[in-house]
Amino acid sequence: MVVRDNPISVINALTVTPGVDIATVTMYTYGPTETVQFGYAPSGVTDMDAVYLQRQSTDESDPPKTYWSGTITGINPAIDTVYDGVAMTQDGTNATVQWTQPGLNASPNDTVVFPEPMKAWLGQISNMAERFSHQESILADDFQQFRSLVFLSSWFNSIEWADGR
Amino acid sequence: MTLVDPSSTNTVDSDYIAFDDIDREALGNIAELARQFIHQAPTRANYDAWHQMVLDLAPMHLGTEPENGPPPFSWDYRRTFKIS
């Protein structure tokens, strides 16, 4: 009888280097994966954005290492923000990482401005919170969606910097 | 693609949760502040404090059969994301 191997990927050396409004993800894998996705979000937020990492090279070590990297742009966090990330191969192997994204010299006196569509969402956030505060129980899924809306409010806003930049 | 934070508590759509009195009070404050944000753009400090109040909520999981029966209705979040 022939027993087929069912190799799975192994993720090693997953690191994130924060920059100014950008973060760089690097890692390497052993095994057969052809793609790696990297999901990320501020710590405590369940719904994550995801990017495909770029395959850089495969060396001749035994077993061979495949190197991956990627950049996350447009990160404009509040005050120093802790992020959670997860790298996931196509065979389901995953590894997690946490890093702190700098706050771009944010000031507590900066103004957070919401576009008109976000104001409609704020109304829904308010209505949901009000309802939750009066109900004996709610669906967990409803609460996840509530938190997702709040998470969106952190993305869909603009900053008027107190220092006039 | 939506990935799920592996550190979060696993739930399924039919799970029910409930809040204690502290969280209920916080939810009332969250609701009031969100209403204020619509009319008056908050400072970063106030917005961050509001966001942290949401992150600090710690609902209790009741499983699929809440003691007091299901809530009277369910929020249709899918409708929410149609707003552009």
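Only a predicted model underlies this, so the values are computations on that prediction, with no experimental measurement involved.

Engineer: Describe the overall build of chain A, naming the residues involved and giving the relevant values.
Structural biologist: The secondary structure content of chain A amounts to 2 helices and 11 strands. Taken from the N to the C terminus, the helices and strands of chain A come in the order β-β-β-β-β-β-β-β-β-α-β-α-β. Counting only residues that meet the buried cut, chain A has 32% of its 165 residues in that class.

Engineer: Explain the sheet that holds strand β3 (residues 60-63) of chain B residue by residue, including any values.
Structural biologist: Taken in spatial order, the 3 strands make up an open sheet running β10(A)-β2(B)-β3(B), and their pairing is antiparallel. Strands at the two margins of the open sheet, each flanked by one partner only, are β10 (138-139) of chain A together with β3 of chain B. Direction of pairing for strand β2 (residues 16-18) of chain B relative to β3 of chain B: antiparallel, over a ladder of 3 bridges. Bridge pairing links Tyr-16 of chain B to Gly-63 of chain B in β3 of chain B.

Engineer: Residue-level account of the pairing of strand β1 (residues 10-18) of chain A, with values.
Structural biologist: Residue and element names in this part refer to chain A. Direction of pairing for β1 relative to strand β2 (residues 22-30): antiparallel, over a ladder of 7 bridges. Bridge pairing in β2 links Val-16 to Val-25. Hairpin connection, β1 to β2: the antiparallel pair is bridged by 3 residues, and Asp-21 has positive phi, about 65°.

Engineer: Hey, could you go over the nonpolar core for me, with residue numbers and the actual values?
Structural biologist: Met-27, Ala-87, Ile-125 and Ala-129 of chain A together with Ile-30 of chain B are the most contacted members of the largest nonpolar core, which has 47 residues in total. Among the domains, domain 1 (10-101) and domain 2 (111-160) of chain A are the pair contributing at least three residues each to this core. Setting aside residues no more than four positions away along its own chain, Ala-87 of chain A makes contact with Ile-11, Leu-14, Met-27, Val-36, Phe-38, Asn-94 and Ala-95 of chain A.

Engineer: Can you lay out the environment of Arg-24 of chain B for me, pointing to particular residues and giving the numbers?
Structural biologist: Mapped onto the elements, Arg-24 of chain B comes out in helix α1 (residues 21-39). For Arg-24 of chain B, a count of 16 C-beta atoms within 10 Å corresponds to the partly exposed category. When sequence neighbours within four positions are dropped, the list of residues in contact with Arg-24 of chain B reads Ser-133 of chain A together with Phe-19 of chain B.

Engineer: Describe the packing of α1 of chain B against helix α2 (residues 44-56) of chain B, listing the residues and the values that go with them.
Structural biologist: Helix-helix packing is described using two parameters, namely the angle between the two axes and the distance between the axes. Residue and element names in this part refer to chain B. Viewed as axis vectors pointing N to C, α1 and α2 meet at an angle of 145°, and their least axial separation amounts to 10 Å. For the pair α1 and α2, the crossing hand works out as left-handed. Taking contact as the criterion, the partners of Ala-26, Asn-29, Ile-30 and Leu-33 in α1 are, on α2, Trp-50, Met-53 and Val-54. Of the residues that constitute the contact of α1 with α2, the class distribution is 6 nonpolar, 1 polar and no charged.

Engineer: Please set out unusual backbone geometry residue by residue, giving values where relevant.
Structural biologist: Residue and element names in this part refer to chain A. In the segment running from Asp-62 into Pro-63, the intervening peptide bond is cis, with an omega of 0°. Structurally, Pro-63 is set in the loop between β5 (54-58) and β6 (66-73). The phi dihedral of Ala-13 falls on the positive side, at around 55°, and the residue is not glycine. For Ala-13, the position within the fold is in strand β1. On the basis of neighbour count, Ala-13 is assigned to the exposed category, with 12 C-beta atoms found within 10 Å.

Engineer: Account for the sheet that holds β1 of chain A, naming residues and giving values.
Structural biologist: Residues and elements named next belong to chain A. Across the sheet, which stays open at both edges, the 4 strands sit in the order β1-β2-β6-β5 with antiparallel pairing between neighbours. With partners counted over all chains shown, the strands left at the sheet margins are β1 and β5, one partner each. Taken pair by pair, the neighbouring strands of this sheet meet at an average axis angle of 20°, ignoring direction. When β2 meets β6, the two strands line up antiparallel, connected through 8 bridges. Bridge assignment links Ala-23 to a residue of β6, and that residue is Ile-72.

Thresholds applied
The residue numbering used here restarts from 1 in each chain and proceeds along that chain's sequence as written. Going through the entries in the order they are written, you letter the chains from A and number the ligands from 1. Under the rules for a predicted model, residues below a pLDDT of 70 receive no local features and side-chain atom pairs below 80 are neither given nor counted, while totals for whole chains, interfaces and linings still include all residues. In DSSP terms, a helix is any run of H or I states spanning at least four residues, a strand is any run of E spanning at least two, and both are numbered starting from the N terminus. As a rule, residues whose C-beta atom has 12 or fewer other C-beta atoms within 10 Å are exposed, those with 20 or more are buried, and those in between are partly exposed; C-beta atoms are placed from the backbone. At least two DSSP bridges between two strands are required for those strands to pair. Take the buried Ala, Val, Leu, Ile, Met, Phe, Trp, Tyr and Cys residues, join any whose C-beta atoms are within 7 Å, and the set you get is a nonpolar core. These domain boundaries are the output of an automatic or database domain assignment. Note that contacts rest on C-beta atoms placed from the backbone: two residues are in contact if these are within 7 Å. Under this scheme, a helix contributes an axis fitted over its contacting stretch, all axes are lines through C-alpha atoms, and angles between N-to-C directions fall in the 0 to 180 degree range. The crossing is said to be left-handed when, going from far helix to near helix, the turn is anticlockwise and less than a right angle, and right-handed when the turn is clockwise. When residues are grouped by polarity, Ala, Val, Leu, Ile, Met, Phe, Trp, Tyr, Cys and Pro land in nonpolar, Asp, Glu, Lys and Arg in charged, and all others, Gly among them, in polar.

Any link to function would need more than the numbers given here.
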